[in-house]
Amino acid sequence: MNVWGYARVSTDEQAEDKGALIKQMRRLRDAGATQIYYDVESRTSDRRKGLLQLIEDINASAPGKVAKLLFIRIDRLTSSSMTFYRLMDALKKKGIQPSALDEPFDLSSIGGELTIDVRLAASKYEVKMLAMRVKKERDTRKENKKPHWNAPLGYIVEDDKYKRDERPCVCLLAGKRELTRSQLMRFVFDTFFTVGTVSQTVKVLHDTFGIQANAVPKATDSRINILTENEEIVLENINKSRSGALNLRYPHTGLKWSVSGLRSILVNPIYAGGTLYNIMVRPKGHRKPFDEWEVTWGTHEDEAIITREEHERIKATIRENRNNRWATEQKHINPFANLVKCAHCGAAYSRQCKKLVKRQGFIRHHYQCSFYRTNACQNGRMIASDELEKQVIHHLVREAEKLAGLVEQKIDNTEESAEIKTLRTSLNTLDALPSNPAIEKAKEDMRMQIATALAMTNNTSTQYLIAKERIISAFSNERYWQQLEPEDKQTLLKGCIKKIVVDGNLVTGVELLYLH
């Protein structure tokens, strides 16, 4: 009989210690684990390749094939009661014994289940408290005009102050000129002042530093996070799909720039002697426009790389470039916004120009890979908006015909899932115990887990039926589409389509939401 193992470290742990995951996995191997599943993810995330594959493989395994599942501690599995009991339920059905090396526990008794529920509740409470401490620390640093923990390229944080980073960075063959990191950033700003646009600045920088800017298709590593008995536990065998966690950042990644990344650097007030705060929209996590950032000026004027006047000139130039674009002269709804992707590099197709077609009386827009402007992708051929619509609708009509021929599957929501049943059983166990703060906290957490599970089940079923009905009714007849207003087209497409893949001026694929 086999012994399986599961290891997990957070992204921060792995960034601080590249051997953190390896150490855990070797402990599991020494304890007898032959096949080890692993993840580099936060404990609050349940969308983990290794964990999800582990549960799937347990459910698919024959009874008696696996004797035991090893892990270091319960918090290495998850802080979610729903996910934990989903895993435990799968183990129980197959007769697999769960075992924590550093934290023994017992699920065979009421007291053991109570201990688990309290531990999970405490783990979730710990995560919330950590987030609160981080927020408090940020607020305190803002009040005292202190810098953030991390500094942008060209600076270091020393004695709670931004200071220019004078470590050598790059040497230019032309003129045999060596640049420190702060001098490199001054060179970047000077280049922007010379050429006047962000995309052209990217091109000049790549040409100057000899950077190969060609984009490559986005990694589609299909490997699951598993190491078998015959594989050595070394970093080279670890799936690096989470490259940000397993690999170090600049300068090891080189001096390759993107348009959006360079734009964020150019408008960063740190380079002009100010410190920025509250740049994210919560809870969505989106970045605010730079005019809405909170900036405290004068925090390190003596270490500024550019002047305040230059900083304002950069922002004015970027605003003017936006205002000069054809798209802002007359607003036209883009039905395909954020949906069209390049087949070569995975970047978004954006509208680059327009033309009035007088005979037909409509505005024709032309879409092109956004990476082509910086020479990062060679897919430069454009596709016209009317041709894009024609090809996309052709794909969707075929999908509608296929779906219309399917036998309608009735989705019965009265039967609760095994995870929800397990959660209800645990909640009943807690209800039968004498009340105290820890138990009440665990009960509250359990109720929230049940509500979330029910909402997710109902929402998935509802969204599936909505998307299916939209496709069948909207695209069974092409004339229906032509009668729609641009706003309705945009709403309909976003409700049905995940992405449209385009190679030059050909639509090569349409991926639908909920239907795959």
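Given the structure is predicted, the values throughout are model-derived calculations rather than measurements. (Residues numbered from 1 in each chain as written. Predicted model: local features only at pLDDT ≥ 70, side-chain atom pairs only at ≥ 80, totals over all residues. Heavy atoms only, no water.)

What to know about the sheet that holds strand β14 (residues 340–342)
Definition in use: Paired strands are those between which DSSP finds at least two bridges. Only DSSP runs of H or I with at least four residues qualify as helices, and only runs of E with at least two residues qualify as strands; both kinds are numbered from the N terminus onward. Only C-alpha atoms enter the line fits that serve as axes; for helices the fit covers just the stretch in contact. Angles between N-to-C directions range over 0 to 180 degrees. Should any heavy atoms of two residues lie within 4.5 Å, those residues are counted as being in contact.
Ordered by their spatial adjacency, three strands build an open sheet running β14-β18-β19, and the pairing between neighbours is mixed. Strands with a single pairing partner mark the edges of an open sheet, and in this sheet they are β14 and β19 (506–512). Put simply, the sheet's adjacent strands are angled 30° from each other on average, direction ignored. The pairing of β14 with strand β18 (residues 497–503) spans three bridges and is parallel. Bridged to V340 within β18 is I500. Against the sheet, helix α15 (residues 486–496) makes contact with β18 and β19, and its axis sits at roughly 95° relative to β18, the strand it touches most.

A word on the packing of aromatic side chains
How two aromatic rings sit relative to each other is given by the distance of their centres and the angle of their planes. Rules: Each aromatic pair joins two rings of Phe, Tyr and Trp (for Trp, the six-membered one) with centres within 6.5 Å, and gets the label stacked for planes under 30 degrees apart, edge-to-face for over 60, and tilted for any other angle. Each residue is assigned to one of three classes by its accessible area relative to the maximum for its type, calculated with a 1.4 Å probe on protein chains only: buried under 20%, partly exposed between the two thresholds, exposed over 50%.
Taken as a whole and judged by the stated rule, the model has seven aromatic pairs. Seen from their ring centres, Y155 and Y162 are 6.1 Å apart, and the 65° between their planes marks the pair as edge-to-face. Among the residues examined, Y155 registers a relative accessible area of 4% and is labelled buried. Judged by centre distance (5.7 Å) and plane angle (65°), the ring pair of F187 and F209 falls under edge-to-face. Here F187 is found in helix α6 (residues 181–195), whereas its partner F209 is found in helix α7 (residues 198–209), with 22 residues between them in sequence. Relative accessible area serves as the criterion here: at 14%, F209 is assigned to the buried category. In textbook terms, an aromatic cluster arises when at least three aromatic residues are bridged by ring pairs, as seen for Y155, Y162, F189 and Y271.

Details of the nonpolar core
Stated precisely, the cut-off is as follows: Nonpolar cores were defined as sets of buried Ala, Val, Leu, Ile, Met, Phe, Trp, Tyr and Cys residues, with membership established by side-chain atoms within 4.5 Å.
Counting residues in each nonpolar core, the largest one holds 34 residues, and the members touching the most others are M185, F189, F209, W257, L262, L266 and Y271. Those elements that place two or more of their residues in this core are β7 (168–172), α6, α7, α9 (259–266) and α10 (308–324). The element that contributes the greatest number of residues to this core is α6, accounting for six residues. The residues contacting L266, other than those within four sequence positions of it, are V188, F189, F192, V198, H311 and I314. Among the nonpolar cores identified, the runner-up in size contains 32 residues, and L54, I58, L77 and L87 belong to it.

Notes on the sheet that holds strand β9 (residues 226–227)
Ordered by their spatial adjacency, five strands build an open sheet running β4-β3-β1-β2-β9, and the pairing between neighbours is mixed. Only two strands of the sheet have a single neighbouring strand rather than two, namely β4 (97–100) and β9. Relative to strand β3 (residues 66–71), strand β1 (residues 2–9) is paired through four bridges, and the arrangement is parallel. Bridging from a neighbouring strand, V3 pairs with K68 of β3. Against the sheet, helix α2 (residues 20–30) engages β1, β2 (35–40), β3 and β9, with an angle of about 160° to β1. Lying on the sheet, helix α3 (residues 49–60) is in contact with β1, β2, β3 and β9; it crosses β2 at an angle near 145°.

Observations concerning α3
To keep it simple, the criterion reads: Any helix carries an expected span of 1.5 Å times its number of residues minus one.
Taking 1.5 Å per residue, 12 residues should reach 16 Å; α3 reaches 16 Å between its end C-alpha atoms and fits that length. All buried positions along α3 are accounted for by G50, L51, Q53, L54, I55, D57 and I58.

Concerning the side chain of T180
Convention followed: Here a polar contact is taken to be a pair of N or O atoms separated by no more than 3.5 Å, where protein atoms must pair a possible hydrogen donor with a possible acceptor and residues adjacent in sequence count only if both atoms sit in side chains.
Take T180: it is sitting in strand β8 (residues 177–180). Judged by relative accessible area, which is 12%, T180 ranks as buried. Of note is the side chain of T180, whose polar atom sits 3.2 Å from the side chain of E166. In this view, T180 contacts D165, E166, R167, P168 and C169; residues no more than four positions away in its chain are not counted.

Overview of the UniProt feature "active site" (unreviewed entry) in the protein
Filter applied, for reference: UniProt positions are given in the numbering used here, feature names are shortened, and annotations may be inferred rather than shown by experiment.
Under the present numbering, the feature "active site" (unreviewed entry) in UniProt falls on S10. Turning to its location among the elements, S10 is positioned in the loop between β1 and α1 (11–16). Residue classification places S10 among the buried residues on the basis of a relative accessible area of 19%. Ignoring any residue separated from it by four or fewer positions in sequence, one finds S10 in contact with V40, E41 and R76.

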